[in-house]
Amino acid sequence: MTSKVTVPKVQASKVATGADPLVMVTAYDAPSARVADAAGVDMILVGDSVAMVVLGYDDTLQVTIDDMAHHVRAVARANPSSLIIGDMPWMSFHVSVEDTVRNAATLIRAGAQCVKVEGGRKRIKMIEAIRAAEIPVVGHVGLTPQSANVMGGFKIQARDAHDVRRTIAAAKGLQAAGCFAIVVEGVPDIAGQMITDALDIPVIGIGAGANTDGQVLVYQDVIGLENRFKPRFVRRYGTAFEDQVTSLTNYANDVRSGAFPGPDETYKTSDNLAEALGLYGSQPT
Ligand code: KIV
């Protein structure tokens, strides 16, 4: 059995000091957590992207802390060796320090080993409070989907020198506040590299180029189940949507033609039962 990936192990994984790049993938339920674990990923992020990828919303703002806890519990039941990160949804860390710490604890009690919080300097007070409750925190800067309305959509960030410097400063602030890793999303590769070089903690990129300490992608994008929109940073490693349509089409065809269920998929009665029911000789009326 593979040993559990821990927060200190992840925190020590800087590529510049010889570590292998970290692999993170989202998962929102027990079967996908089992698959991710069997594939040997280091970290499973139970992301608020569940809102868009699984629940069909147009943004991530629709899920609550209870929704997230529900999905964290499902992932935790798979008992993966991967580190489970519970994503703090919008409005779960914006109102008060007390609510923030309680909400982070809800995800830990649901089975996460740490939480992720979106945003830069504005979030430092809340991150420090979560850390003070002994809950490890992953930061998230760059394109933060919970700020989509402020950003005017899901827009690439840190596009000019001023913004790159601002994002590096934000990432450093999160490190100083006690984050053990940071996700950097939707920034040019030069920004991804500069943030990675500037920090002692690992930087996990998504649409942040190749020169980070690891990568994260959404599960459904990796396996090709999400086949409508493909952002530039996504590489599909499978054709799950098409494969599943084929499976269900074959099933439907077999039901309609009478080919399913066959003898191997049918429970047989004993001869005695058939006889007792009068099924031998004359037909029952
Ligand atoms: O919710 C999520 O899936 C995320 C990743 C895109 C990093 O935050």
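Above: the structure in question.
Given the structure is predicted, the values throughout are model-derived calculations rather than measurements. (Residues numbered from 1 in each chain as written. Predicted model: local features only at pLDDT ≥ 70, side-chain atom pairs only at ≥ 80, totals over all residues. Heavy atoms only, no water.)

Caption draft 1: Expanded view of unusual backbone geometry. A cis amide bond, omega 0°, links Phe260 with the succeeding residue Pro261. Tracing the backbone shows Pro261 in the loop between helix 11 (240–257) and helix 12 (271–276). Not every positive phi belongs to a glycine, and Glu134 is a case in point at roughly 70°. Tracing the backbone shows Glu134 in the loop between helix 6 (124–132) and strand 5 (137–142). (Helix = DSSP H or I, 4+ residues; strand = E, 2+ residues; numbered from the N terminus.)

Caption draft 2: Representation of the site of the ligand. Around the ligand, the neighbouring residues are Thr26, Leu45, Gly47, Asp48, Ser49, Asp87, Lys116, His140, Val183, Glu185 and Ile206. Asp48 has a polar side-chain atom sitting 3.0 Å from an oxygen atom of the ligand. Note that an oxygen atom of the ligand is positioned 2.5 Å from one of the side-chain N or O atoms of Ser49. Taking 260 Å² as the accessible area of the ligand by itself, protein coverage stands at 96%. Partitioning the shell around the ligand into residue classes produces 3 nonpolar, 4 polar and 4 charged. (Near = heavy atom within 4 Å. Polar contact = N/O pair within 3.5 Å; in protein donor to acceptor, adjacent residues only side chain to side chain. Areas by Shrake-Rupley, 256 points an atom, 1.4 Å probe, with all protein chains shown as cover. Nonpolar A, V, L, I, M, F, W, Y, C, P; charged D, E, K, R; others polar.)

Caption draft 3: The pairing of strand 6 (residues 181–185), seen in detail. Of all 5 residues that make up strand 6, 5 are buried, and the element is covered over most of its length. Of the two faces of strand 6, both are covered, the one formed by Ala181, Val183 and Glu185 as well as the one formed by Ile182 and Val184. Judged from the 5 bridges that link them, strand 5 and strand 6 form a sheet pairing that is parallel. Considered in strand 6, the bridge of Gly139 is made with Ile182. As paired strands, strand 6 and strand 7 (residues 203–206) are joined by 4 bridges and run parallel to one another. Counted as the bridge partner of Val184 is Gly205 from strand 7. A crossover links strand 6 with its parallel partner strand 7, the connecting element being helix 9 (residues 189–198), and its sense is right-handed. (Buried < 20%, exposed > 50% of the residue type's maximum accessible area, 1.4 Å probe, protein only. Pairing = 2+ DSSP bridges. Right-handed = clockwise from strand over helix to strand, strands pointing away.)

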